[in-house]
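Summary of structural features
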Amino acid sequence: MVYATLTGSKMSRFTFTSADEYLAKSSVLFYLSDAVTQLLEHKQEYTQFGLTRYFAEYFSSVKNGNHVLFREFGYIRATPHNRASFIRMFWRCYRQIGKSGELLSPLEYRSLLQLLCPDFPAEVVQSAARIVLMDEAVDCLLSFSDFIYAFQLQLYYQEFLDRVLVIYKDLVPGQSATTVLVPTSSCEELSPPVAELDNDRSRQQEGTGTETGTETGTSALAECLDELCEGGSSSVTLPDPVCWKSWSRLTPFPTTVS
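Because the structure is predicted, anything quoted here is derived from the model rather than measured.

**A short note on unusual backbone geometry**
A positive phi angle, close to 60°, is found at Ser 27, a residue other than glycine. Inspection of the secondary structure assignment puts Ser 27 in the loop between helix H2 (19-26) and helix H3 (28-41). Residue Ser 27 is classed as buried on the basis of its relative accessible area, which comes to 13%. At Phe 70, a residue that is not glycine, the phi angle is positive and equals roughly 65°. Note that Phe 70 resides in the loop between helix H5 (51-64) and helix H6 (73-77).

**Quick look at the side chain of Glu 159**
For Glu 159, the location among the structural elements is in helix H11 (residues 158-171). A polar side-chain atom of Glu 159 sits 3.0 Å from a polar atom in the side chain of Arg 77.

**Brief notes about the packing of helix H7 (residues 80-100) against helix H8 (residues 106-116)**
Remark: H7 packs on H8, axes separated minimally by 11 Å, with the N-to-C direction vectors making an angle of 125°. It follows that H7 is oblique to H8 by the angle criterion. Helix-helix and strand crossings are classified by hand; for H7 and H8 the assignment is right-handed. Of H8, the residues touching H7 (which contributes Phe 86, Met 89, Phe 90, Cys 93, Tyr 94 and Ile 97) are Tyr 109, Leu 112, Leu 113, Leu 115 and Leu 116. Here the residues of the contact of H7 with H8 sort into eleven nonpolar, no polar and no charged.

**Focus: the pattern of salt bridges**
Tallied over the full model, the rule gives five salt bridges. Ionic pairing is found between Arg 77 and Glu 159, a salt bridge with its closest N-O pair at 3.0 Å. On the criterion of sequence distance, the pair formed by Arg 77 in helix H6 and Glu 159 in helix H11 is long-range, its members being 82 residues apart. Residue classification places Arg 77 among the partly exposed residues on the basis of a relative accessible area of 24%. Its relative accessible area of 18% is what places Glu 159 among the buried residues.

Calculation notes
- Residues numbered from 1 in each chain as written.
- Predicted model: local features only at pLDDT ≥ 70, side-chain atom pairs only at ≥ 80, totals over all residues.
- Heavy atoms only, no water.
- Helix = DSSP H or I, 4+ residues; strand = E, 2+ residues; numbered from the N terminus.
- Buried < 20%, exposed > 50% of the residue type's maximum accessible area, 1.4 Å probe, protein only.
- Polar contact = N/O pair within 3.5 Å; in protein donor to acceptor, adjacent residues only side chain to side chain.
- Axes fitted to C-alpha atoms, helices over the stretch in contact; angles between N-to-C directions.
- Parallel < 35°, antiparallel > 145°, perpendicular 65-115°, else oblique.
- Left-handed = near helix turned anticlockwise from the far one by under 90°.
- Contact = heavy atoms within 4.5 Å.
- Nonpolar A, V, L, I, M, F, W, Y, C, P; charged D, E, K, R; others polar.
- Salt bridge = Lys/Arg side-chain N within 4 Å of Asp/Glu carboxyl O.

This is the structure in structure tokens:
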């Protein structure tokens, strides 16, 4: 299931070294604040059932992943659990589309998302579509399986992908906007224009064609991303360092600068 690939094993409070670390990772204070805010905004509706029952139902919905339905996009983006819950809900609501094999445009997928989140932005859908379709994302049709694969990466790891793009641009100054670095590829595996360009640069700078600028750049890109994943960040959801290393060494990692 899509949701399981993102959340992994269930978080246990016994894995943390301090209460502050647990509160930060679990986002308990965020949910408590939101629960109080919702209570104050709908005081007459909720207080008739009793405060204890209200908070019990709120946190039960958070635990079950139903709390993101019809909420604003800012709330969905706020925590990793919210993002994973929304992806799971989207999959559960529309998985029949995948079974039927129907193809939809990015605009149609956005309409489906807006039924669950009225202010869901078009930019996220377009970015997800470009992972599969590159520059043809606006006009082409997508299968549900292709879209949900790209969509979960874009929504759940958006801050991480933004940082990857910044690192990429720093490593390839002056190159074409469509140049693609593939960390696991050799010079012979690159597209002819890119391989020829890097061979020319290598011969000019070193007098030999044994190592290209792209090979150096891709190695630097892989090292930077390894450091990013291993360093950790309280504000950015990062892939697991062990899984990232295994994946990045075995799978080509094309990234296009737009």
